[in-house]
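# Understanding the architecture of this molecule
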Amino acid sequence: MTKPHNWNVLRRTSAAATLAVFASPGLALTPDELWTQLEDYLTSAGYEVSADEQSSGDTLTLSNIVLKMEMDEDETSFTVTIPEYILTGQGDGTVLFDMAPSQTIDVRVEAPDEDPVDLELLQTTENFSLVASGTPEDIDYTFAADSAGVSLANLQRGGEPVDLGTIELTLNGLTGTATIAQDDGYTVEQRLDAEGLSYNVDIANPEPDSSGTIKMSGSLEGISSTGGGHVPEGVDISDMAAAMEAGYSANATLNYSGGQTDLAYSDAESSFDYRSSSDGGSFVFTIDAARLVYQILASGVSMSASGSEMPFPVDVSANELGLQLAMPLSETEEPQDFGLSLTVNELALPDQIWAMADPQNGLPHDPLTVELALSGTGRLFVDVTDEAAMEQLGETGGTPGEIETLKLDKLTVRGLGAEIGATADLDVDNEATSPFGQGPNVFGTANIRMTGVVGLLNTLSQMGLVPPAQAMMGAGMLSQLGKPVNGPDDLEADIELSEQGELSVNGMPMPLR
């Protein structure tokens, strides 16, 4: 079976497939200008472009369009062949970009010491229209379609057919606009709205004498997305570190009002089924030379799973699930901001799990919540996108960077009838050794609020899950160190760790050494 090559191949194949399905980049005012812009745009992105051209009046027909890219780092190449596009001047300074409602796009992937892989992708559209306007340097376009889709029609490896199965993706009720400006490269801003997206995968293991099938289907509803970026002129995108240093950037934002996924796997020995749905969510991605931002959030989530390796089906739900990451990517002398947050809000566990964890039914079975938000500053010693530098760090065991400040903006853990909340503000002196041993010196302040924790320890002790002596000692320490807020089991502690390694809790010195 052909191995996945690398992220760069996947990324470029996706870009070419997007071009083939939506035919959107590089629009211009006349057919010839449009094609010139399209060629320049694709060439700047690293493609070799060729096509058969035929002009007739205000119409330019492009056939046998070939896009080829070679990956220098591993000598892998892929080629996309598109049958035909028709560009027609409409006499009002705009150009109509047209294509057949159904056509086959050929993709060929070649890698050293491996059989070439050939894919036939069937592109389909219904009532598709795309009109370009503006100037060759600053182009606007609008597009719409009742539907646009792509599916796998055929797969061959080394010239031999491979019966993989079904892979198809469809967008319905889509409209969009974009602006493409040419300066020292290409700057793109675009918007796409769609009534829905659906996908269906039903494939079998193509290896001889192997079993196993994967079925996955799902949909998103009420899609609203924006995106864009900048591709500098003459940049080699296969060298991402150099490309971003030259000004390459990309961003995408997606919002949806609902979604669902069904997944089933089975082979001769095992099976697994999974289903999920949500009431909506969002996705944000931004990358440039300075930083990476990644954010995903879903609300009203429900998930269920069952399988031959699981003792019982599992059904969980949550009001909100989210993850956010923001971090620098490049080596700098000055510290840069970073952040990380995790949200698991009102996670409801099934009765079977509670029965295993709490067979005596002595604990509250209310939903669980974990909310974490970290921020700070730090600097990198290398560019994270420099693959050679990162490989060298991995070989030598070096450190890619250092943290200078760290804040716990929020920590909330709620469940089992108790709640813990905390914040902290810490400084890191990387030039000084910690008074407690190896590592940099860390000092600062923290605040902790605990409600119902003493009662939880007593309950766990009565259930036999925590030894009575340990529960009593823990409850006593909490009561001694924490100051009551709204009752004896509502405690707060202000903690300070000095630069000299001296610790105090609510003003009382605590010996650490």
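Our subject is the structure listed above.
Throughout what follows, the structure given in this document is the object of discussion.

Calculation notes
Residues numbered from 1 in each chain as written. Predicted model: local features only at pLDDT ≥ 70, side-chain atom pairs only at ≥ 80, totals over all residues. Heavy atoms only, no water. Salt bridge = Lys/Arg side-chain N within 4 Å of Asp/Glu carboxyl O. Buried < 20%, exposed > 50% of the residue type's maximum accessible area, 1.4 Å probe, protein only. Helix = DSSP H or I, 4+ residues; strand = E, 2+ residues; numbered from the N terminus. Core = buried A, V, L, I, M, F, W, Y, C linked by side-chain atoms within 4.5 Å. Patch = residues over 30% accessible without salt bridge, like charges linked within 9 Å, V, L, I, M, F, W, Y side chains within 5 Å. Areas by Shrake-Rupley, 256 points an atom, 1.4 Å probe, with all protein chains shown as cover. Lys, Arg positive; Asp, Glu negative; His and termini not counted. Charge placed at Lys NZ, Arg CZ, Asp CG, Glu CD. 1 Å grid on protein atoms, 1.4 Å probe; cavity = no way out; pocket = protein on both sides within 12 Å on 5 of 7 lines; lining within 4 Å. Points joined across faces, edges and corners; volume = space filled by probe spheres on them. Nonpolar A, V, L, I, M, F, W, Y, C, P; charged D, E, K, R; others polar.

## A closer look at the pattern of salt bridges
This structure, assessed with the given rule, holds 11 salt bridges. The shortest N-O distance in the salt bridge between Glu110 and Arg108 comes to 3.5 Å. With relative accessibility at 31%, the residue Arg108 sits in the partly exposed group. A salt bridge links Lys410 to Glu371, with the shortest nitrogen-to-oxygen separation between them at 2.8 Å. Separated by 39 residues along the polypeptide, Lys410 in strand S21 (residues 401–415) and Glu371 in strand S20 (residues 368–380) bring together distant segments of the chain. The exposure class of Glu371 is buried, given its relative accessible area of 15%. A single network of salt bridges, built from pairs that share partners, joins Arg108, Glu110 and Asp118.

## What to know about the nonpolar core
Within the largest apolar cluster, 59 residues are counted, with the highest numbers of intra-cluster contacts made by Trp35, Tyr47, Leu87, Leu174 and Tyr248. Among the nonpolar cores identified, the runner-up in size contains 9 residues, and Ala418, Met450, Val453 and Val466 belong to it.

## Some words on a negative patch on the surface
Together, Asp32, Glu33, Asp52, Glu53, Glu137, Asp138 and Asp140 line one region of the surface with negative charge. Every element with two or more residues in the negative patch is listed here: helix H2 (31–44), strand S1 (48–56) and strand S8 (138–157).

## With respect to the layout of surface pockets
Put simply, the second largest pocket is a space of about 380 Å³. Taken together, 22 residues make up the lining of the second largest pocket; nearest its centre are Leu220, Tyr256, Ser278, Ile296 and Ala298. Counting only elements with at least two residues in the lining of the second largest pocket, the list comes to strand S12 (213–232), strand S13 (249–256), strand S14 (258–266), strand S15 (271–278), strand S16 (280–287), strand S17 (291–307) and strand S18 (314–328). No other element matches S17, which puts 6 residues into the lining of the second largest pocket. For the lining of the second largest pocket, the class distribution of residues is 12 nonpolar, 10 polar and no charged.

Shape descriptors only; they carry no functional weight alone.
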